[in-house]
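# Geometric and topological summary
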Amino acid sequence: MTEPLVSRMRTFGTTIFAEMSALAVQTGAINLGQGFPDTDGPAAMLDRAVQAIGAGANQYPPGPGVLELRQAVSEHRAAHYGLAYDPVGEIMVTVGATEAVAASVLALCEPGDEVIAFEPYYDSYAASIALAQARLVAVTLRPVDGRFTFDPDELRAAVTPRTRAILVNSPHNPTGTVFTRAELTVIAELCQEHGLIAITDEVYEHLTFDGVGHVPMATLPGMRERTVMISSAGKTFSVTGWKTGWVCAPPALVTAVQTVKQFLTFTAGAPWQLAVAYGLRHEMEWVAALGAGLQDKRDRLMEGLSAAGFSVLRPAGTYFVQTDIRPLGFSDGLELARRLPELAGVVAIPTQVFYDHPERGRHFVRFAFCKKDEVIDEAVTRLKRLSS
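The rules behind these values
- Residues numbered from 1 in each chain as written.
- Predicted model: local features only at pLDDT ≥ 70, side-chain atom pairs only at ≥ 80, totals over all residues.
- Heavy atoms only, no water.
- UniProt positions renumbered as here; feature names shortened; annotations may be inferred.
- Helix = DSSP H or I, 4+ residues; strand = E, 2+ residues; numbered from the N terminus.
- Disulfide = S-S within 2.5 Å.
- Pairing = 2+ DSSP bridges.
- Axes fitted to C-alpha atoms, helices over the stretch in contact; angles between N-to-C directions.
- Contact = heavy atoms within 4.5 Å.

Per an unreviewed UniProt entry, the protein goes by N-succinyldiaminopimelate aminotransferase and derives from Nonomuraea thailandensis. The annotation that UniProt attaches to the protein under Cofactor (unreviewed entry) is "pyridoxal 5'-phosphate".

### Comments concerning the UniProt feature "domain: Aminotransferase class I/classII large" (unreviewed entry) in the protein
As recorded in UniProt, the feature "domain: Aminotransferase class I/classII large" (unreviewed entry) lies at residues 29-383. Secondary structure content for residues 29-383 is 41% helix and 18% strand, and the end C-alpha separation is 11 Å.

### Brief notes about the state of the cysteines
In this structure the tally under the stated criterion is zero disulfides. As a non-bridged cysteine, Cys-191 has Cys-109 as the owner of its nearest cysteine sulfur, 12 Å distant.

### Things to note about the sheet that holds strand E10 (residues 245-248)
The seven strands lie next to each other as E2-E10-E9-E8-E7-E3-E4, forming an open sheet whose pairing is mixed. The open sheet has two edge strands with one neighbour each: strand E2 (91-94) and strand E4 (135-140). Each neighbouring strand pair of the sheet contributes to a mean axis angle of 20 degrees, computed without reference to strand direction. Bridge count between strand E9 (residues 227-232) and E10: four bridges; the pairing is antiparallel. Paired with Ile-230 across the strands is Val-247, a residue of E10. Contacts from helix H4 (residues 96-108) reach E2, strand E7 (163-169), strand E8 (197-201), E9 and E10, with the element oriented near 160 degrees to E9. Strands strand E3 (114-119), E4, E7 and E8 of the sheet are contacted by helix H5 (residues 123-131), whose axis makes an angle of about 150 degrees with E4.

Here it is, written out as structure tokens:
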């Protein structure tokens, strides 16, 4: 029998997150790999979900999402970014940001189109582009003065007559970079010059540090009408298992994405939508405190990793710290990640798996700091074995 999986998906096996999380379970290692917090979101918001279930919100909600959540998202975009989106026609709810990205790419890209993304990139991007039978064109982020950034000339050279969209993730997973207004302006100018769509993954929008602010692409001149703005509740409220995201875009783009989304999942869970609407309206102070706490955790982990012998890059956002493993005498992050549970009782993620050009990221390993302080401290204690 021939391989049953369609050819365009044969290079996508088990995700690195599944592999490393399984390794953590098998070995009892501390999991600083997958980016999920080990504490819950705001209690009053969690209670709203329970109340919604008890009140009977257990059947299909409208395909575009519960109106209450779409209204809350609209209010949030206006309050935080000065962006006006109509909850009827310009906002739709998705099963997390991952579905939003996939539905957007499937809706907007024809076979043979090209989508530019910045590597290292979240692994679902490549799979979504492959499902659309489009082609991913990777532009590499490289460390410059302690943060990852791109070469504007390299980005310009990546645009061809086949380019349809640029997929922008900021704050950026896995590097922790928050794109500056100047960097976003380069992208925006290219989009307008070549008639491209910007698909923006902004799930870490509220988790930035050191006074660095998140600038949505849609706020730049001329970009609201050509941007599919994606975010979710998972990272903002520490409820990654709720898988509740949203798309904000002009009506034509939302309609296109909704046309695809309705045949993927049709709709998203009603109780979570109602609870997230409450969160957006009443729990943003909790979110601010979460961001401050994560900055402290970032510093705690960075200090420990440095003491353990890693060269550490300072992230301006997200859950993650990138480390260079070469000072410890290692050169292959994937090999080290697979041995790390045995060597130190810790699981991390090798960054090279997020590159089209793996050699450019072979010496980086990513650690997550969205964990309790005592978990971070124990992990650091174990990692010090590498240099002893």
